[in-house]
Amino acid sequence: MAAASIAGSGVRPQGPEVPARPVGAAEVVGLGGLRDAEFGDTEQELTRRGMLRTDVDACGPTLAGHEAVSAVFAGDRLVLLWLADPMSTPEGISVGTPVTEVRDTFPAAVELAAPQNSYRFDGLLARDGDRAYLFLHDGMTVRKIIAGYADWARRLFDEGYGPC
């Protein structure tokens, strides 16, 4: 599975860290995808619509107009999106959100432990049917967010992910 680059942007969070967080051109990514790139879309369709960019220096294809989002494809279908700050979930979770807030927002999220002595992050998998958010964290704050098909998010976590 190819891992995509994550760069940062998202919605202004609520809570005590608000003054320390910049306001950017945030966009919400739901479990269906983005407004112009939905999970299950083909690479060919996204390319035809001018949504897929391969000309940027990243770990994989990125979506035009969404510099803080990278795409992961499997079998020519969009299966995952890597989100960076200031992108957020509809619930307002973004990179930098405290893990306690993620647990409060998604109480049924499954705790995933990174392998011992690895440089990988632990995860919280918040599943809704065949879709999920995978919140990778350092124990204190969200460091990376992956949205998409739940099985692919879990597979990415289990098999590891690249340095991007």
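Below is a short write-up of the structure.

About the thresholds
- Residues numbered from 1 in each chain as written.
- Predicted model: local features only at pLDDT ≥ 70, side-chain atom pairs only at ≥ 80, totals over all residues.
- Heavy atoms only, no water.
- Helix = DSSP H or I, 4+ residues; strand = E, 2+ residues; numbered from the N terminus.
- Buried < 20%, exposed > 50% of the residue type's maximum accessible area, 1.4 Å probe, protein only.
- Areas by Shrake-Rupley, 256 points an atom, 1.4 Å probe, with all protein chains shown as cover.
- Core = buried A, V, L, I, M, F, W, Y, C linked by side-chain atoms within 4.5 Å.
- Contact = heavy atoms within 4.5 Å.
- Pairing = 2+ DSSP bridges.
- Salt bridge = Lys/Arg side-chain N within 4 Å of Asp/Glu carboxyl O.

**Notes on the overall build of the protein chain**
- When you go through the protein chain residue by residue, the secondary structure sums to 3 helices and 10 strands.
- Moving toward the C terminus, one meets the helices and strands of the protein chain in the order β-β-α-β-β-β-β-α-β-β-β-β-α.
- Expressed as a percentage of the 164 residues in the protein chain, the buried residues total 49%.
- Of the accessible surface of the protein chain, which amounts to about 8100 Å², a share of 50% is contributed by carbon and sulfur atoms.

**Some words on the environment of K144**
- Here K144 lies in strand β10 (residues 142-149).
- Taking C-alpha positions, K144 is 8.8 Å from F121, a pair spaced 23 residues apart along the chain.

**So, the nonpolar core**
- Judged by nonpolar contacts, the single largest core of 47 residues is most densely connected at L63, L81, L134 and F135.
- Sorting the residues of this core by element identifies β5 (66-74), β6 (77-83), α2 (99-105), β8 (122-128), β9 (131-137), β10 and α3 (150-159) as the ones contributing at least two each.
- Ignoring anything within four residues of it in the chain, the contact list for L134 reads L112, G123, L124, L125, K144, I145, I146, A153, L156 and F157.

**Observations regarding the sheet that holds strand β3 (residues 52-53)**
- With antiparallel pairing, the 8 strands of this open sheet are ordered in space as β3-β4-β5-β6-β10-β9-β8-β7. Strands with a single pairing partner mark the edges of an open sheet, and in this sheet they are β3 and β7 (110-112).
- For β3 and strand β4 (residues 62-63), the ladder comprises 2 bridges, and the chain directions are antiparallel. Note that in β4 the partner of R53 across the bridge is T62.

**Comments concerning the pattern of salt bridges**
- In this structure the tally under the stated criterion is 11 salt bridges.
- Note that R49 is salt-bridged to D41, the shortest N-O span being 3.5 Å.
- Classification of D41 by relative accessible area gives buried; the value is 17%.
- One salt bridge connects E45 with R49, and the closest N-O pair in it is separated by 3.4 Å.
- Overall, E45 belongs to the partly exposed group, its relative accessible area being 25%.
- The structure contains a network of salt bridges with shared partners spanning D41, E45, R48 and R49.

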